[in-house]
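Here's the letter readout for the chains.
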Amino acid sequence: MDRLMERLFIATHKQYRQCLRMEDNAMYTDMERMAVRTSYQTLYRFIVAENLEDKYLEWVADQGEDEHRR
């Protein structure tokens, strides 16, 4: 796998996991949650725009996390 593509996948997945952690946590403001979600969506949209979605979802499955929601 291309190093740049792997870095993109890692960054996207980190943002995704951060979104999940922040969803129902009262420690974060709505603005903080929205900022992280927007960052994740931007990265994911780039993956989709570059036709890498299937590779990304395969990579996520290889990481041991079969479920991934947008």
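Look a little higher up for the structure.
Residues numbered from 1 in each chain as written. Predicted model: local features only at pLDDT ≥ 70, side-chain atom pairs only at ≥ 80, totals over all residues. Heavy atoms only, no water.

### Side note on the overall build of the protein chain
(1) Moving on: When helices and strands are counted, the protein chain shows 3 helices and 0 strands.
(2) Moving on: Counted from the first residue to the last, the protein chain has its helices and strands arranged as α-α-α.
(3) Moving on: The buried share among the 70 residues of the protein chain stands at 26%.
(4) Moving on: Residue pairs at least 24 apart in sequence account for 65% of intrachain contacts in the protein chain once pairs closer than 6 positions are excluded.
(5) Moving on: Summed over all atoms, the accessible surface of the protein chain reaches about 5,300 Å², with 49% contributed by carbon and sulfur.
(6) Moving on: Looking at the protein chain, you have 11 positive and 14 negative side-chain charges, and the mean spots of the two groups are 5 Å apart. (Helix = DSSP H or I, 4+ residues; strand = E, 2+ residues; numbered from the N terminus. Buried < 20%, exposed > 50% of the residue type's maximum accessible area, 1.4 Å probe, protein only. Contact = heavy atoms within 4.5 Å. Areas by Shrake-Rupley, 256 points an atom, 1.4 Å probe, with all protein chains shown as cover. Lys, Arg positive; Asp, Glu negative; His and termini not counted. Charge placed at Lys NZ, Arg CZ, Asp CG, Glu CD.)

### Some thoughts on the pattern of salt bridges
(1) Moving on: All told, the structure shown has 1 salt bridge when counted by the stated rule.
(2) Moving on: A salt bridge links Arg33 to Asp30; the nearest nitrogen and oxygen atoms lie 2.8 Å apart. Placement of both Arg33 and Asp30 in helix H2 (residues 30-49) is noted, with a separation of 3 residues, approximately one turn of the helix.
(3) Moving on: We classify Asp30 as exposed; its relative accessible area is 58%. (Salt bridge = Lys/Arg side-chain N within 4 Å of Asp/Glu carboxyl O.)

### Quick word on the packing of H2 against helix H3 (residues 53-62)
(1) Moving on: Between H2 and H3, the shortest axis-to-axis distance is 7 Å and the interhelical angle comes to 120°. Relative to H3, the element H2 is oriented oblique. Along its contact with H2, which presents Tyr44, Ile47 and Val48, the element H3 presents Glu53, Tyr56 and Leu57.
(2) Moving on: For the contact of H2 with H3, the class distribution of residues is 5 nonpolar, no polar and 1 charged. (Axes fitted to C-alpha atoms, helices over the stretch in contact; angles between N-to-C directions. Parallel < 35°, antiparallel > 145°, perpendicular 65-115°, else oblique. Nonpolar A, V, L, I, M, F, W, Y, C, P; charged D, E, K, R; others polar.)

### Concerning the packing of aromatic side chains
Within a pair of aromatic rings, the relevant descriptors are the distance that separates the centres and the angle that separates the planes.
(1) Moving on: Applying the stated rule across the entire model yields 6 aromatic pairs.
(2) Moving on: Ring geometry for Phe9 versus Trp59: centroids 5.9 Å apart, planes at 50°, classification tilted. Of this pair, Phe9 sits in helix H1 (residues 3-23) while Trp59 sits in helix H3, and the two are 50 residues apart along the sequence.
(3) Moving on: Given the relative accessible area of 10%, Trp59 is considered buried. (Phe/Tyr/Trp six-rings, centres within 6.5 Å; stacked < 30°, edge-to-face > 60°.)

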